[in-house]
Structure formats: C-alpha cells, structure tokens
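Each chain, written out:
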Amino acid sequence: MIFFGMKLRSIAVCVLCAGLAFACANGQKKGTQQVKPMAGPRATALRVTWLYISPSLSEQKVDKVQIGREMVVGEKSGAWLRVYANTDIEEMKDDRDTPMVGTDETPPPISGWIQAKGIVIEGTSNGDQILMGAAANQESLAEDPRGPVNAAQSARLLYRRVVEMFPDSPLIPEAAWRSADIEWQIQKAQSRSLSSSKEQKPYMRELMDEGDLKKVVKTYPHTRWAALAAFDLIDNKLCGDWQGTTQCPDKEADVYAKYADEFPDGPRTAQALYQAAYRMAVLADMYNSDGNAGKSNDAHNRARDLAEKLRAHFAESEYCWRAGALVYKLDEGIPVYGNNLN
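Computed from a predicted model, the values in this text were never measured in an experiment. (Residues numbered from 1 in each chain as written. Predicted model: local features only at pLDDT ≥ 70, side-chain atom pairs only at ≥ 80, totals over all residues. Heavy atoms only, no water.)

### Considering the overall build of the protein
- The helix and strand tally for the protein stands at 10 helices and 7 strands.
- Split into buried and exposed, the 342 residues of the protein put 48% on the buried side.
- By sequence separation, contacts in the protein at least 24 residues apart represent 67% of the contacts at least 6 residues apart.
- Just so you have it, the protein exposes about 17300 Å², and 50% of that area is on carbon and sulfur atoms. (Helix = DSSP H or I, 4+ residues; strand = E, 2+ residues; numbered from the N terminus. Buried < 20%, exposed > 50% of the residue type's maximum accessible area, 1.4 Å probe, protein only. Contact = heavy atoms within 4.5 Å. Areas by Shrake-Rupley, 256 points an atom, 1.4 Å probe, with all protein chains shown as cover.)

What follows is the structure, encoded as structure tokens:
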C-alpha cells in the first residue's frame, strides 16, 4: 500500500550519457531533456550525503542528498550506489501526486554516485524499524533549540519513506500519522506567525492543508491514529482570537465535545473534554459579566457536567484535575477568564 501520493514513478538510474553527467555537475539549462532511467529499488539517506560524478571521493561533487530524500538505485559498485535522487530541500505541499521531475520552481532529480553507508534500501533487513528510529531521533532533535534547522522536515520525510518503501510494515499507520502531524505543526507555526492569525473567523486566516491528516482518518477509521489526526484537524475550526465575544468559545466547546463523543476512548479525548469544559467556564464568566445570570448558570452547569465526565472516565488524567480546578473557581465565584483582580 502506498499511503502518500508523492513517489517516484518507477524511475532509477541506468546508463546515463556523459552529457547528462556533465549537465548535472555544471547546472542543467532550462529545457534540456533529461534521460529517464529504468526501474530499481527505492532508497533514502539517513544523513546528508554527497553525490559524485563517479564512485570516488576524489571525483567532482554533483549535489547533496538531504536526510529522508527519495532515491532509486540503478546499480551497485562495491561500497557505492548509483542513484537517481531528488535533492531539493522542500517537497511540494499541495500537489503531492505530481512526481518531482523538474519545473521552473523545483530543481529536477539528478543522477550520481553515493556512498552506500547510511542508505536504507527497499529490502533492507528491519529497514522500516531503522527508518522509524532515525525519524524519531530527528523529531527529538527538532524539539531541541540546538538541533538542526531542518530536523522536523527530515523526520517527516523519513516517516513517509517508511510508508512508501515498506508497504507490509506494521509500523505504517504510526509512520503515516507522525508524518502528517509534523507537516501540520510546521504549517501551524507558519500560520501563527502571520498577522491574519488573530482574525476571529477561521476562513479569514491561512489554514493548514488537511489532506494528509484526512487520509489517516479515512484509511485507519476508529483507531488511535484516526483519533490523533482528527484532534489536529480541530485547529482549523477554532477562532484566531475570541475578541471578547461568546460565539467563539460556545462554538469551540461544541466542537471539542463532539470530538469526545466520536472518540470516547481516544488518546486526546481527556484533553478535548477539558478544552470544552474550559470554554464553558469562560462562557459562564462572560455571561455573568453581561448580567445574564441564566446563561451563566447554564454554562457553569455544562462545565461541571464535563468535569464529571472526565472524573468518570479519565480520573488519573491531569485534565481531570484541571477541570476540577476550573469548576472550583466557578463555584467560588473566582473569574476564569479576564481580570482576576477585584
């Protein structure tokens, strides 16, 4: 099974003419026709690796292959592999079913020789586990402020390679989810850096691409991976800024509560229930400030009901304790939202 559309269409390195090698080394001109190779096993790199014109470290370098990039192996020569490699840093985000064979915006894949060490190939023993481990390490580095700048992207690509290169691996659902989640978080950070991120209505700001996460939900329904992906997707439904209005927390509470009903035992369900309870507590404060005691009491009671649901199903979760603290504040007349000073 191939989960993601981005894949090489059975292309690999065979015998490329000397002219193509020269073009790779010296910069291919626009409009130059590339010779497409025959099929071969897919591969990917666990480290940033140089491509060379010939299988020798003394030969001229062609370009770098980034961690997790897609390659196809054409032939082997001792400790070297001749590959057809995609060397650009970023993969296309929107048109993922289009193979990257060269456009005005995207550098074309190129051919060269690469050292075999650090290259995982289809059929490598425990290759799926090796890629998962390498991806998890890159993901950890992405959380370290001292880590490599492209660590998150490297992790995302390595997870994708697990799905594409090892279709029978039991790790595919986890890899598919992790790859989609990393891409989502990258887009989310970019979106939040824009001035439009404070717009109240979701459609007025730059939203994240839902494609990969929705594929996880569709491909693995009623699983923990679907529950994780569906929770991420809530981000696109939230207001950028409540701007002091009741519509946003009211709507968002419903979104979180609906999620909890759909995934009652999911890994994010306790968090969703807490988020719904928090928004009900906020509404209780808002309505109380507006002098609307009836709606304030209703919101207070809904917050209490959600806290009770947490206590019944997730008593050991910190979200249960946090919801209990919210309800305590409401019971004591302590503001949850806004200025806490009297």
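Having seen the structure, we can now continue with the description.
### A look at the packing of aromatic side chains
- Enumeration according to the criterion identifies 9 aromatic pairs in this entry.
- Measuring from ring centre to ring centre gives 6.5 Å for Tyr274 and Tyr278, while their planes differ by 25°; the resulting arrangement is stacked. Taken together, the residues Tyr274 and Tyr278, both in helix α8 (residues 269-289) and 4 residues apart, mark about one turn of the helix.
- Using a relative accessible area of 9% as the deciding quantity, one classes Tyr274 as buried.
- For Tyr278, a relative accessible area of 23% translates into the label partly exposed.
- An aromatic cluster is defined as three or more aromatic residues linked by ring pairs; in this entry it consists of Trp242, Tyr274, Tyr278, Tyr319 and Tyr337.
- In this structure, Arg322 packs its charged tip against the face of Tyr274, placed 4.4 Å from the ring centre. (Phe/Tyr/Trp six-rings, centres within 6.5 Å; stacked < 30°, edge-to-face > 60°. Lys NZ or Arg CZ within 6 Å of the ring centre and 35° of its normal.)

### Some remarks on the environment of Ala189
- Tracing the backbone shows Ala189 in helix α4 (residues 172-192).
- Expressed as a C-alpha distance, the spacing of Ala189 and Met208, which sit 19 residues apart in the sequence, is 9.8 Å.

### Here's the deal with the state of the cysteines
- Within this structure, the stated rule accounts for 1 disulfide.
- The disulfide bridge from Cys239 ends at Cys248, spanning 2.1 Å between sulfur atoms. Taking the torsion about the sulfur-sulfur bond, which here is approximately -90°, the covalent link between Cys239 and Cys248 counts as left-handed.
- Taking relative accessible area as the criterion, Cys239 reaches 16% and is therefore assigned buried. (Disulfide = S-S within 2.5 Å.)

### Quick notes on the pattern of salt bridges
- According to the stated counting rule, one finds 17 salt bridges in the structure shown.
- The partner of Glu174 in a salt bridge is Arg224, with the nearest N and O atoms 3.0 Å apart. Of the two residues, Glu174 is situated in helix α4 and Arg224 in helix α6 (residues 224-233); the sequence distance between them amounts to 50 residues.
- Residue Glu174 is classed as buried on the basis of its relative accessible area, which comes to 17%.
- Two residues, Asp261 and Lys309, come together in a salt bridge whose shortest N-O distance is 3.1 Å. On the criterion of sequence distance, the pair formed by Asp261 in helix α7 (residues 247-262) and Lys309 in helix α9 (residues 293-313) is long-range, its members being 48 residues apart.
- Taking the relative accessible area as the measure of exposure, Lys309 reaches 32% and is therefore partly exposed. (Salt bridge = Lys/Arg side-chain N within 4 Å of Asp/Glu carboxyl O.)

### So, the pairing of strand β6 (residues 110-115)
- Most of β6 sits out of view: 5 of its 6 residues are buried.
- As defined by bridge partners, strand β5 (residues 80-85) adjoins β6 across 6 bridges and the pair is classed as antiparallel. Across the sheet, the residue bridging to Ala85 is Ile110, located in β6. (Pairing = 2+ DSSP bridges.)

### Let's talk about the pairing of strand β4 (residues 71-77)
- Both strand β1 (residues 42-45) and β4 contribute to a ladder of 2 bridges, which runs antiparallel. Counterpart to Arg42 in the pairing with β4 is Val72.
- Alignment of β4 against β5, held across 6 bridges, turns out to be antiparallel. Note on β5: the bridge partner recorded for Val73 is Val83.
- Between β4 and the antiparallel strand that follows it, β5, lie 2 residues; Gly78 among them carries a positive phi value of about 60°.

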